[in-house]
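Here's the letter readout for the chains.
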Amino acid sequence: SEKGVTGDYNHYRTVALKSTADRAISILTHDVSAYIQTLDGGIFAKSGNGYTDGDLGENVLVKGVDYSFFKVGGRYRFSQNSSKCDGNASSSSASIVESLEEDVIIEITEPMEPCANLCKLPFINDPSLPSARERVAKCQRFIAALGVKDGLRGWYAKVLSGGVIRVDDSVSLLASGI
């Protein structure tokens, strides 16, 4: 729905931003997920305490397109996989619910900015590091790496037409004005 993903709660969006519809869903592309696993010589990919899809809080993880596919103001359709596929949703933390039969249409409202909350993630705030200084430095490198280009951290979007995004749905850019 226009309120976002069913069952998702973001305290900052709900309280500070008064439940703005402009941040109803968060989208990350799989190329960014792969990029994260290469940072700092692959330290974020190590087994056990390493990065896994969903760790950044994305509601939708999209395969088949890179992060630059999405643009602020762009409108995109998620629909059952078809020959017009530009990419596909490989993971969804929940459903955007209104109707199982309808495509989901979203509009990108802003790039996500990496912030210090990322430092709380276990693969960054690693207790095996000998000092707090090393954990802070690791976090600063992670934030800097995700902040080098708009959209590398992900995208916020508002929902224009609700429905359900399923694993393997396609995503396509809509023509202007649709």
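Structure's up top.
A brief structural summary. Since this is a predicted model, take the numbers as computed values, not measurements. (Residues numbered from 1 in each chain as written. Predicted model: local features only at pLDDT ≥ 70, side-chain atom pairs only at ≥ 80, totals over all residues. Heavy atoms only, no water.)

What about the overall build of the protein?
Part 1 of the reasoning: Looking only at helices and strands, the protein features 4 helices and 7 strands.
Part 2 of the reasoning: Mapped from its N terminus to its C terminus, the protein presents α and β elements in the order α-β-α-α-β-β-β-β-α-β-β.
Part 3 of the reasoning: A total of 178 residues make up the protein; the buried ones form 40% of that total.
Part 4 of the reasoning: For the protein, the proportion of contacts with a sequence separation of at least 24, taken over those separated by at least 6, is 82%.
Part 5 of the reasoning: Surface exposure of the protein reaches about 9100 Å², of which carbon and sulfur atoms provide 51%. (Helix = DSSP H or I, 4+ residues; strand = E, 2+ residues; numbered from the N terminus. Buried < 20%, exposed > 50% of the residue type's maximum accessible area, 1.4 Å probe, protein only. Contact = heavy atoms within 4.5 Å. Areas by Shrake-Rupley, 256 points an atom, 1.4 Å probe, with all protein chains shown as cover.)

What about the side chain of Asp169?
Part 1 of the reasoning: Looking at the element boundaries, Asp169 is found in strand E7 (residues 169-173).
Part 2 of the reasoning: The class of Asp169 is buried, set by a relative accessible area of 3%.

Remarks on the side chain of Glu58
Part 1 of the reasoning: Relative to the helices and strands, Glu58 is located in the loop between helix H3 (39-42) and strand E2 (60-63).
Part 2 of the reasoning: Here Glu58 is buried and forms no salt bridge, its nearest opposite-charge partner Arg153 lying at an N-O distance of 5.7 Å.
Part 3 of the reasoning: There is a polar contact of 2.6 Å between the side chain of Glu58 and the backbone nitrogen of Gly54.
Part 4 of the reasoning: Only 3.4 Å separates the side chain of Glu58 from the backbone nitrogen of Leu56, close enough to count as a polar contact. (Lys, Arg positive; Asp, Glu negative; His and termini not counted. Salt bridge = Lys/Arg side-chain N within 4 Å of Asp/Glu carboxyl O. Polar contact = N/O pair within 3.5 Å; in protein donor to acceptor, adjacent residues only side chain to side chain.)

Looking at the pairing of strand E6 (residues 155-161)
Part 1 of the reasoning: Inspection of the sheet shows strand E1 (residues 25-29) paired to E6 by 3 bridges, in the antiparallel sense. Residue pairing for E6: Ser26 is matched across the bridge by Tyr156. (Pairing = 2+ DSSP bridges.)

Some words on the packing of aromatic side chains
Part 1 of the reasoning: Overall, the coordinates contain 5 aromatic pairs when judged by the stated rule.
Part 2 of the reasoning: A centroid spacing of 5.3 Å and a plane angle of 55 degrees characterise the contact between Phe69 and Tyr76, whose relative ring orientation is tilted. Each member of the pair, Phe69 together with Tyr76, is buried.
Part 3 of the reasoning: With centroids separated by 5.6 Å and ring planes inclined at 80 degrees, the aromatic side chains of Phe123 and Phe142 adopt a geometry described as edge-to-face. Within this pair, whereas Phe123 is found in the loop between strand E5 (104-111) and helix H4 (132-146), its partner Phe142 is found in helix H4, the two being separated by 19 residues in sequence.
Part 4 of the reasoning: Residue Phe123 is classed as buried on the basis of its relative accessible area, which comes to 2%. (Phe/Tyr/Trp six-rings, centres within 6.5 Å; stacked < 30°, edge-to-face > 60°.)

With respect to H4
Part 1 of the reasoning: Taking 1.5 Å of rise per residue, the 15 residues of H4 would be expected to cover 21 Å, and the 21 Å separating its terminal C-alpha atoms lies within 8% of that figure.
Part 2 of the reasoning: Buried residues of H4: Lys138, Cys139, Phe142, Ala145 and Leu146, and no others. For H4, the angular spread of buried residues about the axis comes to 130 degrees, placing them on one side. Residues of H4 that are exposed and point more than 90 degrees away from the buried face comprise Arg133 and Gln140.
Part 3 of the reasoning: Looking at the buried side of H4, the elements it contacts are helix H2 (30-36) and H3. (Expected span 1.5 Å × (residues − 1). Arc of directions from axis to C-beta.)

Here's the deal with the environment of Asp103
Part 1 of the reasoning: With respect to the element layout, Asp103 can be found in the loop between strand E4 (88-92) and E5.
Part 2 of the reasoning: Sequence spacing of Asp103 and Arg77 is 26 residues, and the spatial spacing of their C-alpha atoms is 6.5 Å.
Part 3 of the reasoning: Polar side-chain contacts of Asp103 include one of 3.3 Å to the side chain of Arg77.

Topic: the state of the cysteines
Part 1 of the reasoning: Per the counting criterion, the structure on display carries 1 disulfide.
Part 2 of the reasoning: Residue pairing for Cys119: its cysteine sulfur links by disulfide to Cys139, the two sulfurs lying 1.6 Å apart. Here the disulfide of Cys119 and Cys139 is left-handed, its torsion about the S-S bond being about -75 degrees. In this pair, Cys119 is assigned in the loop between E5 and H4 and Cys139 in helix H4, connecting sequence segments 20 residues apart.
Part 3 of the reasoning: Among the residues examined, Cys139 registers a relative accessible area of 2% and is labelled buried.
Part 4 of the reasoning: Cysteine Cys115 is unpaired, with the sulfur of Cys119 as its nearest cysteine sulfur at 8.2 Å. (Disulfide = S-S within 2.5 Å.)

Purely geometric numbers; function is a separate question.
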